[in-house]
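# Report on the structure
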Amino acid sequence: MARVGGPYDPRIHIGPGPLLLRTAAMAITFSGGIAKDLFTTTKRNNFSLVPRASHKDSRSVISVEPPPAALPHADEYRRRSLSALKLPSSISNLLHLHLSAVEQPKSRLPSVDLQTPSISPRDDISSFQSSIHGSGDWSPLLDPLHSSLRREIIKYGEFSQATYDAFDSNPVSDYHGSCLYGRHRLLPTLGLSRHGYSVTEYIYATSHHDISRWLVRPLLPSNSNWCDESNWMGFVAVSGEAESRRIGCRNITIAWRGTMSPAEWLEDLHSQLKPLPGAPDDGARVEQGFLSIYTSRSQSSRYTQSSASEQVMSEILRLVKFYKQRGETVSVTITGHSLGGALALLNAAEAASLLPEDVGVAVISFGAPRVGNQVFGEMLKRKGVKILRVVTKQDVVPKMPGIVFNEGRKGKRWEWVYAHVGDELTLDITGSPYLKKGAWDLAGFHGLETYLHLVDGYERPEAGFRAGARRDVALVNKASGLLRVELGIPASWHQRENKGMVRNELGRWVLPRRDPEDIPSPCAAGKPSRVSPTHAAVCSGASFSSYCVDWEVW
């Protein structure tokens, strides 16, 4: 049984050399084996770009041995050897990352106004209810990006970021892999009460698949109070009275947690498409690892006796029923970053199959990978699911799985090829004057705080970073080092004080016990589905639409 959603440690430095070489090797692999005679491939994705003739030590990445100066053509040999070291530029062009290997001239650094609040005003957007939270089209609000939609995107992005900030990543913690806070304390503790939402349920996940190593938490021999087969994967929240009036409806939000390191995506991501069980569209396929995380359950776990699918849909159906019986307009917005964005699409496909047609279902994802094929995307469109994918040009994860092979291939005959779906809001690292130019920080490019910084400064393509951006730029460096050094913001500055250690009454440093309210409880996550006995059918291979939901409640 695999444990999913491993923690992110910002202290781990991902060196660009091996990472970029693995990226290039995977690009070559996905593009049909171009130049397969030039490079060798070793066991378990241990790619090397060393020509066979010089592949002597698997630990060396590039072997360049200049000939003696007396040999003929020595200067030409050196010139070619040095050109080989311009590998980042070549890979950037191959993956369309819009980077330059040469440091660009530094632009003038705008002053940071520390006297202005970092939170934008929350205006009444009920008149945009249909376009933003309903069935209306939001594409007219994307170019230029409407200020109201921008604030909503950032709001949902901060909910996604909360799933990272509240994750217990301490490997020696008794509750490693759980949420640090009880659901009533989550948003207030993280300073997100201003959004006017209350968390109603936590989501836990496991997997029956032999999925990637980076999704598996190391099992430490201990008397843990937590379950080694389960991970906290996100939460369900609902808007309060004031927020519901402001946005024009009762909004149910689901935030899925993802993984953070693109190096892990590049090395270990499975890319096998699996038919979506019982999908109404023949030929709809999705990535098998994502589907396994969403639908697996474990009878030996107190937290995942119900799958993530069962847990989240049970709560969504309960909330929708409750508020519709009160005569309210209800919408569902599902958000996530990275892996969380992939799970958000699966969640949306299921929700659109089970909810009444007048309940709008929308997805706002950040840096999400490809999830399924074109038939899967067409199914989501036909069900009326609105999807906004926020991507950064320099981020490789949205190009996964597939990288090169999937680019530009459409049509039903390509049923085993991945395809994105929905509207795309494309951001560019080079558009922010606060970020380093010419930097190669793939983890930073993929970081959610980088995304939110760029969204805050975005207005339209080629328009530059907008002057009215208020979000604190220091947040970019929470887990990266992308900010320009002139700003004086330390890289990867976000960490718990003393890593959570406190001094007890005897003067000894210990990990404190959690408050009772913050101790994870299996009572909610492990209970049977609250919809019907067959609500778990998808976990055994049945269709989303085969759930026996008692529709009379509507």
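Source: prediction; values computed, not measured.

Below, the discussion takes up the pairing of strand β4 (residues 231-239). The buried fraction of β4 is high, at nine of nine residues. Pairing between strand β3 (residues 197-205) and β4: eight bridges, direction antiparallel. Opposite Y202, over in β4, you have F235 as the bridge partner. Bridging between β4 and strand β5 (residues 250-256) involves five bridges; their strand directions are antiparallel. For G234, the partnering residue across the bridge sits in β5 and is W256.

A separate point is the sheet that holds β5. Pairing in this open sheet of seven strands is mixed, and the strands run β3-β4-β5-β8-β9-β11-β13 from one edge to the other. The outermost strands of the open sheet, each flanked by one partner alone, are β3 and β13 (423-427). Strand after strand, the sheet turns through a mean of 15° between neighbouring axes, direction not considered. Taken together, the seven bridges between strand β8 (residues 330-337) and strand β9 (residues 360-366) define a ladder with parallel strand orientation. By the bridge assignment for β9, I334 is matched with V363. In the packing of helix α5 (residues 147-165) onto the sheet, the strands contacted are β3, β4, β5, β8, β9, β11 (386-392) and β13, and the crossing angle to β5 comes to about 40°.

Let us now look at the pattern of salt bridges. Tallied over the entire structure, the rule returns 23 salt bridges. Across the pair R514 and D168 runs a salt bridge whose closest N-O atoms are separated by 2.8 Å. You can see R514 sitting in the loop between β15 (509-510) and α15 (522-525) and its partner D168 sitting in the loop between α5 and α6 (186-189), a full 346 residues away along the chain. Each member of the pair, R514 together with D168, is buried. With its nearest N and O atoms 2.9 Å apart, the salt bridge here joins R484 to E486. Residue class for R484 comes out buried when judged on its relative accessible area of 7%. When salt bridges that share partners are traced, they join E158, D165, R194, E449, R471 and K478 into one network.

So, about the nonpolar core. Counting 57 residues, the largest nonpolar core has I153, L186, W232, F235 and V390 as the members making the most contacts within it. A total of seven residues in this core trace back to one element, the largest contributor, which is α5. Residues contacting I153, with those up to four places away along its chain left out, are L145, I364, F366, L388, V390, L425 and V455. Among the nonpolar cores identified, the runner-up in size contains 50 residues, and L291, A308, M313 and V421 belong to it.

On to the confidence of the model for the protein, then. Confidence in the prediction for the protein averages 75 pLDDT; 64% of positions are at 70 or higher. Scored below 50 in pLDDT, residues 210-223 shows 33 contacts in the model against residues more than four places distant or in partner chains. Scored below 50 in pLDDT, residues 260-268 shows 38 contacts in the model against residues more than four places distant or in partner chains.

Here we come to the side chain of R389. For R389, the position within the fold is in strand β11. Looking at R389, the relative accessible area reads 8%, which means it is buried. There is a polar contact of 3.5 Å between the side chain of R389 and the side chain of H420. There is a polar contact of 3.3 Å between the side chain of R389 and the backbone oxygen of V421. Aside from chain neighbours lying at most four places away, what touches R389 is S365, H420, V421, D423, E424 and L425.

Before going further, it helps to examine the packing of helix α10 (residues 308-325) against helix α11 (residues 339-354). Put simply, α10 and α11 touch, their axes get as near as 11 Å, and they point 45° apart. Taken together, α10 and α11 sit at an angle that is classed as oblique. As for the relative orientation of α10 and α11, their crossing is right-handed in sense. Contacts from S309, V312, M313, I316 and L317 in α10 reach N347, E350, A351 and L354 in α11. Of the residues assigned to the contact of α10 with α11, the class counts are six nonpolar, two polar and one charged.

Rules and cut-offs
- Residues numbered from 1 in each chain as written.
- Predicted model: local features only at pLDDT ≥ 70, side-chain atom pairs only at ≥ 80, totals over all residues.
- Heavy atoms only, no water.
- Buried < 20%, exposed > 50% of the residue type's maximum accessible area, 1.4 Å probe, protein only.
- Helix = DSSP H or I, 4+ residues; strand = E, 2+ residues; numbered from the N terminus.
- Pairing = 2+ DSSP bridges.
- Axes fitted to C-alpha atoms, helices over the stretch in contact; angles between N-to-C directions.
- Contact = heavy atoms within 4.5 Å.
- Salt bridge = Lys/Arg side-chain N within 4 Å of Asp/Glu carboxyl O.
- Core = buried A, V, L, I, M, F, W, Y, C linked by side-chain atoms within 4.5 Å.
- pLDDT = per-residue confidence, 0-100.
- Polar contact = N/O pair within 3.5 Å; in protein donor to acceptor, adjacent residues only side chain to side chain.
- Parallel < 35°, antiparallel > 145°, perpendicular 65-115°, else oblique.
- Left-handed = near helix turned anticlockwise from the far one by under 90°.
- Nonpolar A, V, L, I, M, F, W, Y, C, P; charged D, E, K, R; others polar.

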